[in-house]
Amino acid sequence: MKKKLLAIAAIAIMIPLILCACKKEQPVEPAQPATQEASVEPETKSTPTEDPKAAVTRLIDEVNILKYVDCVALDCDEGLIYYDELGYSYLMVTDPDFQSIGDIWEYLFRTFTAQGATEYFPDLAKMGQDENNPSPYVMVRDDEDVPDGLYELQAWLGFSTYEIVSDITISNQTDNSFTAEFTVEYYGQWVDLTMGVVGEKGTYDEKPLWKVDSIVENWEY
């Protein structure tokens, strides 16, 4: 009887040890990475130190670069073609400044507020969210036919850039915003532009920056 009791006690001690060992061997569910949001909300609004007129000149240059990005007109290698599951063809981007979708979003949201980016460059701001249309850019990984990297949709889209041809007038200026009015040459015509500019320190910014919040083209016919 004593031996039977000892055996039962030994089994009782071993059961929790076995359960603990089994529990430790169970795989841990990996944490899902946070999804990149297309519209990056600013953290705070602050006062940038950059002169407003200098900021407008810089912002127009950056908007023009984003026009190349938006119209899938970056430098690319036409010999490296990726076909997605829907049959759309993409060319490998060779532009050193844009080697990932993250590079595009960082440039976009350093130039525009979230609202401005969504209104002016919706295809870039909401990239990958519209399942009915092909994304202008895709990241390719582990494809045996092409190298890893950023690929742009093979689409021939026409566009024009802004060239400032007048003085810049600043109005409605506060610590965190101002309005700029000036004339640009655009598609071979002179167009009056009204640009709303906001100061903020956003997700991608190390310091407060002036950013485009709105652009209104005033055409005269």
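Note that the coordinates shown come from a computational prediction; the quantities given were computed from them, not determined experimentally.

Parameters at a glance
Residues numbered from 1 in each chain as written. Predicted model: local features only at pLDDT ≥ 70, side-chain atom pairs only at ≥ 80, totals over all residues. Heavy atoms only, no water. Phe/Tyr/Trp six-rings, centres within 6.5 Å; stacked < 30°, edge-to-face > 60°. Buried < 20%, exposed > 50% of the residue type's maximum accessible area, 1.4 Å probe, protein only. Lys NZ or Arg CZ within 6 Å of the ring centre and 35° of its normal. Pairing = 2+ DSSP bridges. Helix = DSSP H or I, 4+ residues; strand = E, 2+ residues; numbered from the N terminus. Axes fitted to C-alpha atoms, helices over the stretch in contact; angles between N-to-C directions. Contact = heavy atoms within 4.5 Å. Core = buried A, V, L, I, M, F, W, Y, C linked by side-chain atoms within 4.5 Å. Salt bridge = Lys/Arg side-chain N within 4 Å of Asp/Glu carboxyl O. Left-handed = near helix turned anticlockwise from the far one by under 90°. Arc of directions from axis to C-beta. Polar contact = N/O pair within 3.5 Å; in protein donor to acceptor, adjacent residues only side chain to side chain. pLDDT = per-residue confidence, 0-100.

### Some details on the packing of aromatic side chains
What the rule picks out here adds up to eleven aromatic pairs. Seen in terms of ring centroids, F112 and F121 are 5.6 Å apart; in terms of plane orientation they differ by 85°. Their pairing is edge-to-face. The pair formed by F112 and F121 is uniform in burial state, with each residue classed as buried. Seen in terms of ring centroids, Y120 and F121 are 4.9 Å apart; in terms of plane orientation they differ by 85°. Their pairing is edge-to-face. Site record: aromatic cluster; members linked through ring pairs are Y162, Y186, Y187 and W219. Above the ring of Y162, the side-chain terminus of K67 is found at 4.6 Å from the ring centroid.

### Structural notes on the sheet that holds strand β3 (residues 137-140)
A sheet is described by the order of its strands in space; here four strands give the open sequence β1-β2-β4-β3, paired in antiparallel fashion. Edge positions in the sheet fall to β1 (76-83) and β3, since each has one partner strand and no second. On average, each strand axis in the sheet is tilted by 40° relative to the strand beside it, whichever way the strands run. Of the pairings in the sheet, the one linking strand β2 (residues 89-93) to strand β4 (residues 149-153) comprises three bridges and is antiparallel in character. Across the sheet, the residue bridging to M92 is Y151, located in β4. The strands touched by helix α3 (residues 101-111) within the sheet are β3 and β4, with β3 carrying the most contacts at an inclination of about 140°.

### Concerning the nonpolar core
L108, F112, Y137, F182 and M195 are the most contacted members of the largest nonpolar core, which totals 48 residues. Once you skip the residues sitting within four places of it in the chain, F182 turns out to touch V56, I60, I164, S166, D167, I168, V191, D192, L193 and M195.

### Digging into the pattern of salt bridges
Evaluation of the coordinates by the stated rule reveals six salt bridges. R58 is the salt-bridge partner of E62, the closest N and O atoms lying 3.3 Å from each other. With E62 and R58 both in helix α2 (residues 52-70) and four residues apart, the pair spans about one turn of that helix. The residues E62 and R58 share a single accessibility class, namely buried. A salt bridge links D205 to R110; the shortest N-O distance between them is 3.9 Å. Residue D205 is found in the loop between β8 (189-200) and β9 (209-218), and its partner R110 is found in helix α3; the two are separated by 95 residues along the sequence. Overall, the relative accessible area of 6% leaves D205 in the buried class. Sharing partners across several salt bridges, the network here consists of E106, R110, E200, D205 and K211.

### Re the packing of α2 against α3
Across the interface, α2 lies against α3 with an axial gap of 10 Å and an inter-helix angle of 145°. Once α2 is placed against α3, the crossing between them reads as left-handed. Residues L59, E62, V63, I65, L66 and V69 of α2 pack against I104, Y107, L108, R110 and T111 of α3.

### With respect to α3
Taken together, the buried positions of α3 are I101, I104, W105, L108, F109 and T111. Seen along its axis, α3 keeps its buried residues to an arc of 155°; they face one direction. Where α3 is buried, its residues meet α2, α4 (114-120), α5 (122-125), β3, β4 and β9. You can read the cap of α3 off the contacts: a side-chain oxygen lies 3.3 Å from the backbone nitrogen of G102, and it is on S100.

### Thoughts on the pairing of strand β7 (residues 177-186)
The element β7 is largely enclosed, with a buried count of seven among its ten residues. Strand direction decides the pairing type here: strand β5 (residues 163-164) and β7, joined by two bridges, are antiparallel. Within the sheet, the bridge partner assigned to I164 lies in β7 and is V184. Adjacent in sequence and paired antiparallel, strand β6 (residues 169-171) and β7 are bridged by five residues, among which N172 carries a positive phi angle near 50°. Relative to β8, β7 runs antiparallel, the two sharing ten bridges.

### Quick look at the confidence of the model for the protein chain
Summarising the model, the protein chain shows a mean pLDDT of 83, and 79% of its residues fall at 70 or more. Across residues 1-43 the pLDDT falls below 50, and counting only partners more than four positions away or on other chains, this stretch makes 23 contacts in the model.

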